[in-house]
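Structure assessment
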Amino acid sequence: MSGLLEGKNIVVMGVANERSIAWGITKSLHNAGANLIFTNRQERSHQKLVKLLESNNMEATLLVNCDVSNDESIQAAFAEIKEKVGVIHGVIHSVAFAKREELKGEYADTSRDGFLLAQEISAYSLVAVTKAAKELMTEGGSIVTQTYLGSERVIPNYNVMGVAKASLEASVRYLAEDMGKYNIRVNAISAGPIRTLSAKGVSGFNDKANVIVEKAPLRRNVDQDQVGDATLFFISDLSRGVTGEVLHVDSGFHIIG
Ligand code: NDP
């Protein structure tokens, strides 16, 4: 895969630590020769990323702050990227948030605030980021987001986030139609359960992981590196004929009834 992304500038949003799906993606994109620009919200995540890059002998093209709940922050982040890097060719959107108390019990108990917050950070952010990124994608590009099966099926405790992911996947399709005329593709990966900081917030993570090993065709869990390589396919020209798609990287679990 080396050289596949040589000379390509890719923005990676959502590395919180070494377990983050976005970190698995980072490794795949780096191995393919991409120039990487990172955005973080929290200072703690920024510090972790700096250490991770150092210990893996990777050099970032640019690190910028970006809180996707804030339009000015998104504008400022992409303005800085435009000024310091210029053209970009891809964006990895690996960002989501819901209140912990909404990720257990009954979905019917979801609060108005909790519903709106999950939608804002986990779904609307892709719309706002796509709009800002489009201005820098003057040579065409590829945008990839991360979703989960809880958008299609009722998965215990996933609740408000399942509904946010359904909204995210519908956004992928509408954005794909809008962006297609600019030669920008928009796709999603639907990963199986992976133990990350965010996954810990959803009750009953172990049950979800066990059921994959038991029932999925491949009878094993997926990891960040597998999602990374599938994302590399979407970011690279190998997938140039694909847009508006949701690709399951879940050991085939979604086909089992
Ligand atoms: P992580 O906790 O490692 O990553 C989540 C990221 O979201 C963090 O980097 C966090 O940034 C970022 N984030 C949250 N709120 C904001 C905000 N307001 N502005 C900017 N960034 C924000 O967990 P994952 O790697 O698991 O999650 C990445 C994506 O993968 C999510 O969309 C998740 O739903 C999805 N996914 C996860 C699966 C799993 O089993 N883990 C399965 C399928 C999909 P910061 O740390 O700076 O706050």
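Everything discussed here concerns the structure shown above.
Attention in this report is confined to the structure presented alongside it. Remember, predicted model here, so these are calculated numbers, not experimental data. (Residues numbered from 1 in each chain as written. Predicted model: local features only at pLDDT ≥ 70, side-chain atom pairs only at ≥ 80, totals over all residues. Heavy atoms only, no water.)

A word on the environment of Leu53
So the rule is basically this: Secondary structure follows DSSP: runs of H or I at least 4 residues long count as helices, runs of E at least 2 residues long count as strands, and numbering of each begins at the N terminus. Each residue gets one of three labels from its accessible area relative to the maximum for its type: buried under 20%, exposed over 50%, partly exposed in between, using a 1.4 Å probe on protein chains only. Any pair of residues with heavy atoms lying within 4.5 Å of one another is described as a contacting pair.
In this fold, Leu53 is placed in helix α2 (residues 43-55). Residue classification places Leu53 among the buried positions, given a relative accessible area of 6%. C-alpha of Leu53 to C-alpha of Lys27: the two residues are 26 residues apart in sequence and 9.9 Å apart in space. When residues no more than four places from it in sequence are discounted, the contact partners of Leu53 are Trp23, Phe38, Met58, Ala60 and Leu63.

Comments concerning the sheet that holds strand β5 (residues 141-147)
Convention followed: Pairing between strands requires that DSSP locate at least two bridges from one strand to the other. Axes, fitted as lines to C-alpha atoms, cover a helix only where it is in contact. Angles between the N-to-C directions of the axes lie from 0 to 180 degrees.
Read from one edge of the open sheet, 7 strands run β3-β2-β1-β4-β5-β6-β7, paired in parallel fashion. Here the strands that pair on one side only, and so sit at the sheet edges, are β3 (62-65) and β7 (246-249). Averaged over neighbouring strand pairs, the angle between their axes works out to 20 degrees when direction is ignored. This element, helix α1 (residues 21-31), spans β1 (9-13), β2 (35-40), β4 (90-93) and β5 of the sheet and lies at about 165 degrees to β1. Against the sheet, helix α7 (residues 224-235) engages β1, β4, β5, β6 (184-191) and β7, with an angle of about 165 degrees to β6.

Focus: the site of the ligand
This is how the line gets drawn: We call a residue near a given molecule or strand whenever any one of its heavy atoms falls within 4 Å of it. Nitrogen and oxygen atoms within 3.5 Å of one another constitute a polar contact, given that in protein one can donate a hydrogen and the other can accept it, and given that sequence-neighbouring residues count only through two side-chain atoms. Here the accessible surface of atoms and residues is derived via Shrake-Rupley with a 1.4 Å probe, and residues count as covered only by protein chains that are part of the display.
Looking at the ligand, there are 28 residues lining it, with Ser20, Ser45, Ile194, Thr196 and Ser198 nearest. A distance of 3.4 Å separates an oxygen atom of the ligand from a polar atom in the backbone of Val95. Notes on the ligand: free accessible area 890 Å², of which the protein chains cover 94%.

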